[in-house]
Amino acid sequence: VGGHAAMPHSTIDPVVTASAIVMNLQTIVSRSLSPLESGVCSVTKIDGGDAFNVIPHSTLMRGTIRALSTETLLSLRSKVEHIVTTTANVYGCNVTIEWSPDFYPPTINDPELFETFSRHVGAQVSPEGVLRDVEPTMGGEDFAFLAESIPSTFFLLGQGSGTNPPT
């Protein structure tokens, strides 16, 4: 329903609820994942209200979760649903959670294919004759869908920094 900012006691405040949800979501990675696992839970957008003196009737929150394994990703998803629903209930709010129908799985190289690729292609693309490992990233990649279906390897190809030796 919303209400006047001068009378917050007469309404349910979805902005305060959204704030609590953001704070509670921050505990997922720090307190629910093993330090040896990697995960990200980011709230990236909150919309609510149009006036400085009106408590809005609703807020819209958007965000993303990322992980380096599908198992961890699904675990994060479950934890997000639990925290969002529970926190909203504590503050007297209703909540609807919508997920993208096709979440991006992590991109995982086939180890054997990567080793073969590295030996043959590495000699062609780097002065040292080897490919350099790159730290895993939480970026989503369409290629991950292909890699789930058939043995695949994903690599980055660039021209370097222009310095000699390359950095």
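Here, every reference points to the structure presented above.
Residues numbered from 1 in each chain as written. Predicted model: local features only at pLDDT ≥ 70, side-chain atom pairs only at ≥ 80, totals over all residues. Heavy atoms only, no water.

Engineer: Got a minute to help me understand the packing of aromatic side chains in this structure?
Structural biologist: Within a pair of aromatic rings, the relevant descriptors are the distance that separates the centres and the angle that separates the planes. Taken as a whole, this structure holds three aromatic pairs when the rule is applied. Both rings, one in F117 and one in F155, keep their centres 4.6 Å apart while their planes meet at 35°; by these two values the pair is tilted. Highlighted residues: F117 in helix α3 (residues 111-125) and F155 in the segment after α4 (143-149), separated in sequence by 38 residues. (Phe/Tyr/Trp six-rings, centres within 6.5 Å; stacked < 30°, edge-to-face > 60°. Helix = DSSP H or I, 4+ residues; strand = E, 2+ residues; numbered from the N terminus.)

Engineer: Explanation requested: helix α2 (residues 70-90) in the structure shown.
Structural biologist: Structural remark: α-helix, 3.6 residues per turn; residues separated by three or four positions point the same way. Taking 1.5 Å as the rise per residue, α2 with 21 residues should run 30 Å; its terminal C-alpha atoms sit 30 Å apart, in good agreement. For α2, every residue scored as buried is listed here: T72, L73, L76, V80, I83, V84, T87 and A88. Viewed end-on, α2 has its buried residues packed into an arc of 120°, placing them on one side of the element. α2 presents E71, H82 and N89 as exposed residues on the side facing more than 90 degrees away from its buried surface. Of the surrounding elements, those touching the buried residues of α2 are α1 (14-32), β2 (39-47) and β4 (60-67). G92 sits one or two residues past α2 and shows a positive phi near 80°. (Expected span 1.5 Å × (residues − 1). Buried < 20%, exposed > 50% of the residue type's maximum accessible area, 1.4 Å probe, protein only. Arc of directions from axis to C-beta. Contact = heavy atoms within 4.5 Å.)

Engineer: Whenever I open this one, the pattern of salt bridges confuses me. Can you help?
Structural biologist: Here the idea is simple: oppositely charged side chains can pair when their charged atoms come close. Within the structure shown, the criterion is met by two salt bridges. D47 is the partner of K45 in a salt bridge, and the nearest nitrogen-oxygen pair spans 3.6 Å. Look at D47 and you get partly exposed, because its relative accessible area is 34%. Of the charged contacts in the structure, one is a salt bridge between E81 and R77, with a shortest N-O distance of 4.0 Å. (Salt bridge = Lys/Arg side-chain N within 4 Å of Asp/Glu carboxyl O.)

Engineer: Sorry if this is basic, but what is going on with a nonpolar patch on the surface here?
Structural biologist: A surface patch of nonpolar side chains, amounting to about 280 Å² of accessible area, comprises V16, V90 and Y91. Relative to the assigned elements, Y91 resides in the loop between α2 and α3. (Patch = residues over 30% accessible without salt bridge, like charges linked within 9 Å, V, L, I, M, F, W, Y side chains within 5 Å. Areas by Shrake-Rupley, 256 points an atom, 1.4 Å probe, with all protein chains shown as cover.)

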